[in-house]
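Examination of the molecular architecture
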Amino acid sequence: MLKIVFLFLMSSGLPVAIAMAGASLLYILISGDLPGFAVVHRMIGGIDSFPLLAVPFFILAGNLMNNAGITNRIYNYALALVGWMKGGLGHVNVVGSVIFAGMSGTAIADAAGLGTIEIKAMKDHGYDLEFAVGVTAASATLGPIIPPSLPFVIYAMMANVSVGALFLAGILPGVLMALLMMITVAYFAHKNGWGGDVKFVWSRFGRALIETAIVIVWPLALYYLVQWGAPMQPTVIAALVILFLADWKFKFQAVLPIMTPVLLIGGMTTGLFTPTEGAIAACVWAMVLGLFWYRTLSWRMFVKVCLDTVETTSTVMFIVAAASIFGWMLTATGVTAAIADWVLAFTKEPWLFLALANLLMLFVGCFLEPTAAITILVPILLPIARQLGVDPVHFGLVMVLNLMIGLLHPPMGMVLFVLARVAKLSVERTTAAILPWLVPLLGSLVILTYVPSISLWLPSMMAK
C-alpha cells in the first residue's frame with residue numbers, strides 16, 4: 001500500500017519530497033502501528049548527521065564561484081589550451097566544464113554558468129546551435145562526477161561510505177568522460193571540416209601549459225615536503241603565499257580557481273581536514289578569491305548568494321528528511337527485502353544486476369532530480385549490490401552518472417530545460433541536439449560499470 005500511495009501522490013503533481021513524507025504518514029495513520037509523530041521524529045533523525053553539514057557549505061562554495069566572475073577566466077584558459085585544435089570551441093567547452101566541475105559540483109550550475117558563455121561564443125564563430133547545445137549538455141554531466149560533488153555527499157550519507165573515497169573515485173572517470181567527449185568533438189570537426197577558432201601562438205599556449213604544470217606540480221611538491229618531515233600547517237601556508245605571489249606577478253588566468261578541488265582533495269587525503277571541514281575550506285577559498293583577490297564579488301552580491309544557498313539547502317534537506325522516513329518505511333514493511341529476494345532469485349550474476357540497475361536508474365533519472373532519486377534508490381539497490389560483492393564506492397559512482405544522464409531527458413531533465421532557455425531553443429530541438437552525445441555518455445557508463453578499477457584505483461592507492 002505504501003508504494004501505491006506514493007505513486008498516486010507523485011502522479012497527482014505533488015513534489016517528490018511531499019509525496020514521500022505524505023505516503024509514510026498516511027500508511028502509519030491507516031495501519032495504526034505507530035503514532036503519527038514518528039514521521040517527524042524519523043525525518044529529524046534523518047538529517048541529524050555530521051556529514052550532511054557539508055551540504056550547505058558545498059552549495060555556498062559553488063554559488064560563490066559562480067557569482068565571482070570566475071567563468072571568464074576559465075573560458076580564456078581553456079581557449080588558450082585547446083582553442084587552436086580542430087573544432088576548437090567544442091574542446092574548450094569540455095575542458096572548461098572539467099575545470100568548472102571542480103568548483104560548482106552540480107550539472108545545472110555548469111550548464112547555466114559556463115554554458116551561457118560557451119553557447120554564445122560557439123554561435124558567434126559559426127557553429128550549429130544544436131551542436132553547441134549538445135556538447136554543453138554532455139559536458140555539464142561532469143559537474144557531479146569530478147569533485148567536489150553534492151550527489152556524492154548525499155550518497156555517502158545514505159550508504160555510510162567515505163565522502164573522500166567517493167571524491168577520489170570520481171577523478172579518473174571524469175577524465176575518461178572528458179576524453180570521450182573530445183573524441184566526439186574531433187569526429188564532428190573532421191566530418192564538417194571545422195578548423196581551429198584561435199591561431200596557435202606559442203606564448204599563449206605555453207602560458208596555459210605553465211598554469212597546468214603548476215596545478216599538477218604544486219600539490220605533489222607539497223605532499224613530498226610533508227612526507228620528508230616538513231611541518232604540515234606552516235608548509236601549507238608558505239606554499240599558498242608563494243602561489244598567490246606567483247599569480248600576482250604573472251597574472252595567471254585560472255590557477256587559483258583550479259586549485260579548489262586540489263586543495264579539497266589534498267586536505268582530505270592528508271588528514272588536514274575532514275570532508276565537512278573541507279567544504280568550509282572551499283567556502284573560505286571562494287570568498288578570498290571573489291571578495292579580496294579578484295574583487296569581483298561585492299558584499300551585496302555575497303548576501304544574495306547566501307540567501308540563495310539557504311533556499312537550495314532547505315530544498316535538499318527537506319528531500320533528504322522525507323526520504324529518510326520513506327526509506328525506513330520501505331525497510332520496515334519488507335519492501336526492500338522483497339525486492340532483494342526477487343532480484344537474487346532472478347540472477348546472482350553481478351554483471352546482470354548492474355545492467356538491470358543501470359536501466360532502472362536511467363529511467364528513474366528522467367523523472368526525479370538526483371537528490372530524491374539517490375535517497376529512494378540507495379536503500380533498495382545497495383543491499384543487493386553488497387550481497388553480490390559490488391563495491392559501494394563503485395556503485396555510488398555508477399548511480400550518480402546514471403542520474404546525471406537522466407538530467408538531459410524529458411520530462412524532468414533540468415539541464416535540458418536550462419539549456420533550452422539559454423539557447424532560446426524549443427525543448428524538442430534541444431532534446432534532438434543532445435541525442436548524439438548520448439553515445440560518449442553511455443559508452444562511459446558501460447566502461448565505468450564493468451571496469452571498476454578505473455574508479456577504485458585512486459581510493460585504494462590513497463588508502464595505502
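Before reading further, recall that the structure is shown in the block above.
Throughout what follows, the structure given in this document is the object of discussion. Owing to the predicted nature of the structure, the values given are computational and were not obtained by experimental measurement. (Residues numbered from 1 in each chain as written. Predicted model: local features only at pLDDT ≥ 70, side-chain atom pairs only at ≥ 80, totals over all residues. Heavy atoms only, no water.)

Counting its regular elements, the protein contains 24 helices and zero strands. Compactness check: the protein gives a C-alpha radius of gyration of 22 Å against a globular reference of 23 Å for 464 residues, within 12% of the reference. Considered along the principal axes of its C-alpha atoms, the protein spans approximately 75 × 55 × 50 Å. Per-residue burial for the protein yields a buried fraction of 53% across its 464 residues. Sequence separation of at least 24 residues holds for 78% of the intrachain contacts in the protein that already meet a minimum separation of 6. Accessible surface, the protein as shown: approximately 20,200 Å² in total, 71% of it carbon and sulfur. When the 21 basic and 18 acidic side-chain charges of the protein are each reduced to a single mean position, those positions are 10 Å apart. (Helix = DSSP H or I, 4+ residues; strand = E, 2+ residues; numbered from the N terminus. Rg over C-alpha atoms; globule rule 2.2 N^0.38 Å. Buried < 20%, exposed > 50% of the residue type's maximum accessible area, 1.4 Å probe, protein only. Contact = heavy atoms within 4.5 Å. Areas by Shrake-Rupley, 256 points an atom, 1.4 Å probe, with all protein chains shown as cover. Lys, Arg positive; Asp, Glu negative; His and termini not counted. Charge placed at Lys NZ, Arg CZ, Asp CG, Glu CD.)

Grouped together as the largest cluster of nonpolar side chains are 165 residues, with contacts concentrated most on Met20, Val55, Tyr155, Phe167, Phe353, Phe395 and Met399. Top element by residues in this core is helix α16 (residues 299–332). It accounts for 13 residues. Not counting residues up to four positions away in its chain, the partners in contact with methionine 20 are Phe6, Ile319, Ala322, Ala323, Phe326 and Ile376. (Core = buried A, V, L, I, M, F, W, Y, C linked by side-chain atoms within 4.5 Å.)

Quick look at the environment of lysine 249 now. Topologically, lysine 249 is positioned in helix α13 (residues 232–250). Judged by relative accessible area, lysine 249 falls into the exposed class, the value being 59%. Spatially, the C-alpha atoms of lysine 249 and valine 175 are 31 Å apart, while their sequence positions differ by 74 residues.

Looking now at the pattern of salt bridges. All chains considered together, the criterion is met by three salt bridges. Note that glutamate 130 is salt-bridged to arginine 429, the shortest N-O span being 2.3 Å. Taken together, the positions of glutamate 130 in helix α8 (residues 129–140) and arginine 429 in helix α22 (residues 427–434) put the pair 299 residues apart, joining distant regions of the chain. For the salt bridge of aspartate 308 with lysine 304, the shortest nitrogen-to-oxygen distance reads 3.1 Å. A residue pair is termed a helical-turn pair when its members lie 3 or 4 positions apart in one helix, as aspartate 308 and lysine 304 do in helix α16 at four residues. By relative accessible area, which is 30% here, aspartate 308 ends up partly exposed. (Salt bridge = Lys/Arg side-chain N within 4 Å of Asp/Glu carboxyl O.)

For the rest of this paragraph, the subject is the packing of helix α9 (residues 150–159) against helix α19 (residues 370–387). With their axes 10 Å apart at the nearest point, α9 and α19 run at an angle of 45° to one another. One way to sum up the angle between α9 and α19 is to call them oblique. Seen from above, α9 lies across α19 with right-handed handedness. Between α9 and α19, the contacting residues are Pro151, Ile154, Tyr155, Met158 and Ala159 on the first element and Thr371, Ile374, Thr375, Val378, Pro379, Leu382 and Arg386 on the second. In terms of residue class, the contact of α9 with α19 is made up of nine nonpolar, two polar and one charged. (Axes fitted to C-alpha atoms, helices over the stretch in contact; angles between N-to-C directions. Parallel < 35°, antiparallel > 145°, perpendicular 65-115°, else oblique. Left-handed = near helix turned anticlockwise from the far one by under 90°. Nonpolar A, V, L, I, M, F, W, Y, C, P; charged D, E, K, R; others polar.)

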